[in-house]
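# Residue-level structure breakdown
What follows is the residue order along each chain.
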Amino acid sequence: MKIAVAEINLEALQHNLLVVKRNAPNSKILAMLKANAYGHGTTEIAKSLHQADAFGVARLSEAVALRAAGITKPIVLLEGFFEADELQIISNLGLDTVLHTEQQFDDFMAADIPRSVRVWLKVDTGMHRLGLPPETFPAIREKISGHKNILGEPILMSHFGCADDVTHSLNDYQFSVFEELQNHHKGECSFANSAAILSFKNSHHQWVRPGIMLYGVSPVNNTSASDYELKPVMTLKSSIIAIREVKKGQSVGYGATWVAKEDTRLAVIAIGYGDGYPRNAENGTPILVNGVKYPLSGRVSMDMISIDIGNEKTIKVGDEAILWGENLPLETIADYAKTVPYELLCGVTGRVEKRFSRVKNEFNNRP
Ligand SMILES: Cc1ncc(COP(=O)(O)O)c(C=O)c1O
């Protein structure tokens, strides 16, 4: 019986990378592997993304783990270093670092490191989360160019705050600030996340930074993955472990939030918030059993959920249930749980077993 398994379809992952390439054919790809590759398993995902040009992580520990697993591609620390002494490891492992504060910039310039390091200068064009103030960029860029610690030319980068909403006015504002920065920068630039890759061709520059689209989820509001030919990479599954009869008026689960409107049958599935299935999922959230959607009925517990299967007599203990993924878009589940697909993917817990599909050997497939 499959109990809380995340099947990871590596062919879908590679297909999604080709969708990135099709949309941004002249750009290099910095594939996002942070947060355990959005919950998919960093090392396996890195090994399958051999067509990516570099990988992006948020923590030094993530980069160290990738190097320990034999990944030799460039790895970019998207928030840079948190302590100046991390620069020794960064230099030794040949990592790239973002610089987004003047303190980081000063520490970088003052460091005594064995090998020079490639630098991504992150400028705040309007999201107001991370980034150097735009007016400081020309002077910082000037000072860092040719410094002994920097490998090559710095790359100018910024990040969109609202690219998922193509009509949002912040996008135009960020574009205008970025354009002005380019007047002070002759080297490579990077601006586009997944949503911008699909919606704003003029944001592509030399490096695009796809995250969520690689994992087969639509990054643009009110669209679905299939609109962009993206295929889900993770399918979360478990099995039915009990079938119960409930009478009209009986409640189900903690808090008695669901009450049977008539005599019915419930199937209990071995998955819960202890696995990363969202506790916020509303009654009625669809769950797929044998190709049919059944509604979540009652509160999500730590290890179990219940669905109302009514009079469907063919369903039995041991049958597989799909919580999201193939034929049940994660975007739909995120809506029912009042969250975003990113959070659901990253929230899959360690007790969920990951099963990676084998990628077909392209040579064996030749006629
Ligand atoms: C700096 C940076 N670039 C790119 C991405 C990828 O974003 P998305 O997953 O929306 O493509 C992220 C993710 O948050 C990010 O922080």
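Residues numbered from 1 in each chain as written. Predicted model: local features only at pLDDT ≥ 70, side-chain atom pairs only at ≥ 80, totals over all residues. Heavy atoms only, no water.

What follows deals with unusual backbone geometry. Here Ala-35, not a glycine, exhibits a phi torsion of approximately 50 degrees, which is positive. For Ala-35, the location among the structural elements is in helix H2 (residues 34-39). In this structure, Asn-327 takes a positive phi of about 65 degrees despite not being glycine. Considering the arrangement of structural elements, one finds Asn-327 in the loop between strand S17 (320-324) and helix H10 (330-336). (Helix = DSSP H or I, 4+ residues; strand = E, 2+ residues; numbered from the N terminus.)

Taken together, the side chains of Met-1, Ile-3, Ile-241, Met-304 and Val-317 make up a nonpolar region of the molecular surface, amounting to roughly 450 Å² of accessible area. Among the secondary structure elements, Met-304 is positioned in the loop between strand S15 (292-295) and strand S16 (305-308). On the accessibility criterion, Met-304 (36% relative accessible area) is partly exposed. (Patch = residues over 30% accessible without salt bridge, like charges linked within 9 Å, V, L, I, M, F, W, Y side chains within 5 Å. Areas by Shrake-Rupley, 256 points an atom, 1.4 Å probe, with all protein chains shown as cover. Salt bridge = Lys/Arg side-chain N within 4 Å of Asp/Glu carboxyl O. Buried < 20%, exposed > 50% of the residue type's maximum accessible area, 1.4 Å probe, protein only.)

Bringing the site of the ligand into the picture now. Taken together, 13 residues lie near the ligand, and Tyr-38, Ser-194, Arg-209, Ile-212 and Tyr-342 sit nearest. The separation between an oxygen atom of the ligand and a polar side-chain atom of Lys-34 is 3.0 Å. Between the ligand and the protein, one listed contact pairs an oxygen atom with a side-chain N or O atom of Tyr-342 at 2.6 Å. Starting from 390 Å² of accessible surface for the ligand in isolation, the protein chains cover 91%. (Near = heavy atom within 4 Å. Polar contact = N/O pair within 3.5 Å; in protein donor to acceptor, adjacent residues only side chain to side chain.)

Looking at the secondary structure, you find Pro-210 in the loop between strand S9 (207-208) and strand S10 (234-246). Each C-alpha atom of the pair Pro-210 and Ser-190 lies 11 Å from the other, and the pair is 20 residues apart in sequence. In this structure Pro-210 touches Val-20, Ile-29, Leu-30, Ala-31, Met-32, Ser-194 and Ile-197, once residues within four positions along its chain are discounted. (Contact = heavy atoms within 4.5 Å.)

Detailed reading of the predicted coordinates is not advisable wherever pLDDT falls low. Per-residue confidence for the protein chain gives a mean pLDDT of 96; residues scoring 70 or more make up 98%. Between residues 362-367, whose pLDDT stays under 50, and residues either more than four places distant or in other chains, the model counts one contact. (pLDDT = per-residue confidence, 0-100.)

Time to look at the pairing of S10. Here four bridges tie strand S1 (residues 5-8) to S10, and the two strands are oriented antiparallel to one another. Pairing of Ile-8 across the sheet is with Met-234, part of S10. Sheet analysis places S10 next to S17, joined by four bridges and oriented antiparallel. Residue pairing for S17: Lys-237 is matched across the bridge by Ile-322. For S10 and strand S13 (residues 264-269), the ladder comprises six bridges, and the chain directions are antiparallel. What sits directly across from Arg-244, in S13, is Leu-266. (Pairing = 2+ DSSP bridges.)

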